[in-house]
Number of protein chains: 4
Amino acid sequence: MYMTDPFIHPINVTWGDCDPARIAYTARLPWFALDAINAWWEAHFNGDGWYQLELDRNIGTPFVNLTMDFRSPVTPRHKLLCETYPTRLGDRSITFGMKARQDGRLCFEGSFTCVFTIADQFKSQSAPNELRRVIEPLIRAE
Amino acid sequence: MYMTDPFIHPINVTWGDCDPARIAYTARLPWFALDAINAWWEAHFNGDGWYQLELDRNIGTPFVNLTMDFRSPVTPRHKLLCETYPTRLGDRSITFGMKARQDGRLCFEGSFTCVFTIADQFKSQSAPNELRRVIEPLIRAE
Amino acid sequence: MYMTDPFIHPINVTWGDCDPARIAYTARLPWFALDAINAWWEAHFNGDGWYQLELDRNIGTPFVNLTMDFRSPVTPRHKLLCETYPTRLGDRSITFGMKARQDGRLCFEGSFTCVFTIADQFKSQSAPNELRRVIEPLIRAE
Amino acid sequence: MYMTDPFIHPINVTWGDCDPARIAYTARLPWFALDAINAWWEAHFNGDGWYQLELDRNIGTPFVNLTMDFRSPVTPRHKLLCETYPTRLGDRSITFGMKARQDGRLCFEGSFTCVFTIADQFKSQSAPNELRRVIEPLIRAE
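In this report, the structure presented in the accompanying data block is examined. (Residues numbered from 1 in each chain as written. Chains lettered and ligands numbered in written order. Predicted model: local features only at pLDDT ≥ 70, side-chain atom pairs only at ≥ 80, totals over all residues. Heavy atoms only, no water.)

1. Thoughts on the state of the cysteines
The full count for this structure, using the stated rule, is zero disulfides over all chains. Among the cysteines around cysteine 107 of chain B, which has no disulfide bond, cysteine 82 of chain B carries the closest sulfur, lying 8.9 Å off. Here cysteine 114 of chain D stays free of any disulfide, with the sulfur of cysteine 82 of chain D as its closest cysteine sulfur at 15 Å. (Disulfide = S-S within 2.5 Å.)

Take a look at the structure:
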C-alpha cells in the first residue's frame, strides 16, 4: 500500500451520493469521513481497518465525539481528497483531524474522537502499545 | 403492534433518499425492500426482526436471490407502502413477494429468497418449526 | 400528523444499521439525526420536509456544522427516540439541538446548524418570515 | 483512467458495510453493484458517470430491473472485484451483467437493465448514438 505524507484518502463521489440539490447529501459526509479514518488505520497497520482490529486484535475504537464544519459543497466533479491525521493521543482516546478538499477547495473539516476498548468486553482500555508506537510519531497540530 | 392484512410496511421517503433526478436513488430501493421484510418478521414474531432472530434464536435467514422490477419513480410526495408476503416456504428456504405503492400507483415489485441457517455456525438448516408454524398459513400467490 | 411536545421522532433501528459490534454503525447516527430534523420540518410545516421546502417553496437549509456526542450504544432492542428542537434562530441560520434516547437512556446528543438559502440560486438569505413565525416560539435552551 | 479488459471495478468493503453476522449487509450489495455500473460509464465515457450523463449530456439511464444471486458472503478481508459488462443493447434499453469476486471466489452475480431517457423530460428515448457507438463493440455473452 502506497502511503502519502500527509495521508490522503480519495473518495469517488457519485450520482447516488447526491441529493436533489445536486451535491452530496450531508449525511453522506460523516460516512465519507469514517471511510477515510478506517483507511488511515489500514494504511498504518498493514491493511488492518476496524474489521481486523476488532476481530483479529480484539481492539475496538468506538467514537465518542464527531464535529464537522461544512465549508463548500461536495460534488461528483472531482475526487474528494480526505487528508486525515491524528491530532492527539490520550491515555484512553485518540482524536483525528480531517480536511477534505475537491480541486484544491476545502469542502469540510472535522475532528473525531475515539476511545480504545477491549472489543469482546466492550470495556475501555489504555491505548495498546502496538498502536501507540505507530501513532505517536504521526501526531500533528491542526 | 398493529398488524394489517395484508401486511404493509410504510416508509417515509425523504430528501436524503433522492438523487439529482429528484426521485429515490435506485440503490435505496432494495434497502427499503429489506426494511419491509425485516418489519414483516417483527410483525409476525413478537417484535423479533433479523437482529433478534440471530442473537436470541440463533436463526439466520441470509438472502440468496433478489429480483426487482421498477415500475414508477419513488418520491417523498407520498408514503411508500410496501405490501410484503411469503409466496413459498421450501424445506430450507423462504421466498417473499413485495408490491410497493405510492398514492395507489405501483412503484416496484420484487421477489426475495432467503435460506435458513444455524446462525452461529453459518450452516444451512431446515425451516425451524417455530417459524414454519407461523409462516405456512400466510403463504399466498403473487 | 400528531405532534408531541416536545417533538420526538422515533427511529426503528434494525439489523442492517448495525456493524459487527452489534450496535448501530457510527456513520448511521448522523443519518438518523438528519432524518429526525427533516421530520421536525414535516411536523411543523404541514408535512413539508427538505424536499418540499426546496422544490415547492424554493428554500434551502444546508448544514454548516454538526456536532455529536455519543454517550451509549444504539441497538435494535428499542426504538431510538430523537427529541429535536431549535435552540437558536439567527438572522440567516438556525441551530437544532437533539437528545436521542433508547429505553430512557441517553444514546447521543448533538447540535446542528443550517443556513437559509434561496434554493435555485444556492445563495444565502435571511430566515423567510413564513418559517420565522413558526420557529420563534419553539426556541428553547439546551 | 486505466481500463482493464474485462472491466473490473474494485470495492473496498469495510467494517461499516458489515452487519452483526460480520459480512456485508445484503442491501449494501446492490449499492456496490450500482457503484460498479457507474464506474463502467466513467471508464468508457471520459470520466462521465450518471451525474455527468444527466447534467452535461441530458441522458438518463434509470433502472427497470435488477436481479442478483448471492453465492458467497462478502467480507472486508479482500477487495470486492466487480466485473461489469453490457450483455445486450436494445433500441431503448441496455442490460449489464456482473460477476463480483473476492479472492477468486464468486460472491454474487447479477443482471441490471436500464432504459434511456431524455433526462430533463424524464421521457424514454432510443439509445443515443454517442453511447451506442462505444457500447456495441463491448457487448458480450454472460
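2. What to know about the pairing of strand E1 (residues 8–11) of chain D
Residues and elements named next belong to chain D. Side chains His9 and Ile11 project from E1 onto a buried face, and the interleaved Ile8 and Pro10 project onto a face without burial. As defined by bridge partners, E1 adjoins strand E4 (residues 80–89) across four bridges and the pair is classed as antiparallel. Within the sheet, the bridge partner assigned to histidine 9 lies in E4 and is cysteine 82. (Buried < 20%, exposed > 50% of the residue type's maximum accessible area, 1.4 Å probe, protein only. Helix = DSSP H or I, 4+ residues; strand = E, 2+ residues; numbered from the N terminus. Pairing = 2+ DSSP bridges.)

3. Re the packing of aromatic side chains
Following the criterion strictly, the structure yields 36 aromatic pairs over all chains and no others. Ring geometry for tryptophan 31 of chain B versus tyrosine 25 of chain D: centroids 5.2 Å apart, planes at 75°, classification edge-to-face. Of this pair, tryptophan 31 of chain B sits in helix H1 (residues 28–44) while tyrosine 25 of chain D sits in the loop between E1 and helix H1 (28–44), which puts the two residues in different chains. Judged by its relative accessible area of 7%, tryptophan 31 of chain B is buried. Ring centres 5.0 Å apart and planes at 70° place the aromatic pair tryptophan 40 of chain B and phenylalanine 96 of chain B in the edge-to-face group. Of this pair, tryptophan 40 of chain B sits in helix H1 while phenylalanine 96 of chain B sits in strand E5 (residues 93–102), and the two are 56 residues apart along the sequence. Exposure remark for tryptophan 40 of chain B: the relative accessible area of 1% places this residue in the buried category. Ring-pair connections join several aromatic residues into one group, and the members of that group are Tyr25 of chain A together with Trp31, Trp50 and Phe63 of chain C. The positively charged end of arginine 140 of chain C is found above the aromatic ring belonging to tyrosine 85 of chain C, 3.5 Å away from the centroid. (Phe/Tyr/Trp six-rings, centres within 6.5 Å; stacked < 30°, edge-to-face > 60°. Lys NZ or Arg CZ within 6 Å of the ring centre and 35° of its normal.)

4. Re empty space enclosed by the protein
Scanning the model with the defined rule gives four cavities of 30 Å³ or more in all. Size it by volume and the largest cavity reaches roughly 70 Å³. Every residue lining the largest cavity is listed: Arg28 and Trp31 of chain A, Arg28 and Trp31 of chain B, Arg28 and Trp31 of chain C together with Arg28 and Trp31 of chain D. Approximately 50 Å³ is the volume found for the second largest cavity. Along its surface, the second largest cavity is lined by Trp31 of chain A, Trp31 of chain B, Gly16, Asp17, Cys18, Tyr25 and Arg28 of chain C together with Gly16, Asp17, Cys18, Tyr25 and Arg28 of chain D. Counted by class, the lining of the second largest cavity contains six nonpolar, two polar and four charged residues. (1 Å grid on protein atoms, 1.4 Å probe; cavity = no way out; pocket = protein on both sides within 12 Å on 5 of 7 lines; lining within 4 Å. Points joined across faces, edges and corners; volume = space filled by probe spheres on them. Nonpolar A, V, L, I, M, F, W, Y, C, P; charged D, E, K, R; others polar.)

5. Description of the relation of the copies chain D and chain C
Note on the identical chains: chain D maps onto chain C by a rotation of 180° and an axial translation of 0.0 Å, with an RMSD of 0.0 Å. Such a combination of turn and shift is consistent with a two-fold rotation axis. Counting the interface residues of chain D, we find that 100% of their copies in chain C are interface residues as well, pointing to one common contact surface. (Least-squares fit on C-alpha atoms with pLDDT ≥ 70 in both. Contact = heavy atoms within 4.5 Å.)

6. Some points on unusual backbone geometry
All names here are of chain A. A positive phi angle, near 70°, is found at arginine 22, a position not held by glycine. With respect to the helices, strands and loops of the structure, arginine 22 is situated in the loop between strand E1 (8–11) and helix H1 (28–44). In this structure arginine 22 comes out as partly exposed when scored by relative accessible area, which is 43%.

7. Details of helix H1 (residues 28–44) of chain C
Under the 1.5 Å per step criterion, the end-to-end length of H1 of chain C is 25 Å for 17 residues, consistent within 8% with the ideal 24 Å. The buried count for H1 of chain C comes to 16 of 17 residues, which makes it a mostly enclosed element. (Expected span 1.5 Å × (residues − 1).)

8. Comments concerning the interface of chain B and chain D
Residue-level contacts link 23 residues of chain B with 23 residues of chain D. For the pair chain B and chain D, the summed buried area comes to about 2,000 Å², and 70% of that belongs to carbon and sulfur atoms. The three residues of chain B that bury the most area against chain D are Tyr25, Trp31 and Leu66 of chain B, which together make up 24% of that side's buried surface. Linking chain B with chain D are zero salt bridges. (Buried area = accessible area lost by both parts, 1.4 Å probe. Salt bridge = Lys/Arg side-chain N within 4 Å of Asp/Glu carboxyl O.)

9. Here we look at the pairing of strand E4 (residues 80–89) of chain A
For E4 of chain A, the buried fraction is high: eight of the ten residues fall into the buried class. In this structure, the hairpin formed by E4 of chain A and strand E5 (residues 93–102) of chain A is closed by a connection of three residues.

10. Points about the relation of the copies chain B and chain D
It takes a turn of 180° to lay chain B on chain D, together with a shift of 0.0 Å along the axis; the resulting RMSD is 0.0 Å. Same-surface contact between copies: 100% of interface residues of chain B are shared with the interface of chain D.

11. Focus on the sheet that holds strand E1 (residues 8–11) of chain B
The antiparallel open sheet is built from ten strands, whose spatial order is E1(B)-E4(B)-E5(B)-E6(B)-E3(B)-E3(D)-E6(D)-E5(D)-E4(D)-E1(D). Here the strands that pair on one side only, and so sit at the sheet edges, are E1 of chain B together with E1 of chain D. Pairs of neighbouring strands in the sheet enclose a mean axial angle of 20°, with direction left out of account. (Axes fitted to C-alpha atoms, helices over the stretch in contact; angles between N-to-C directions.)

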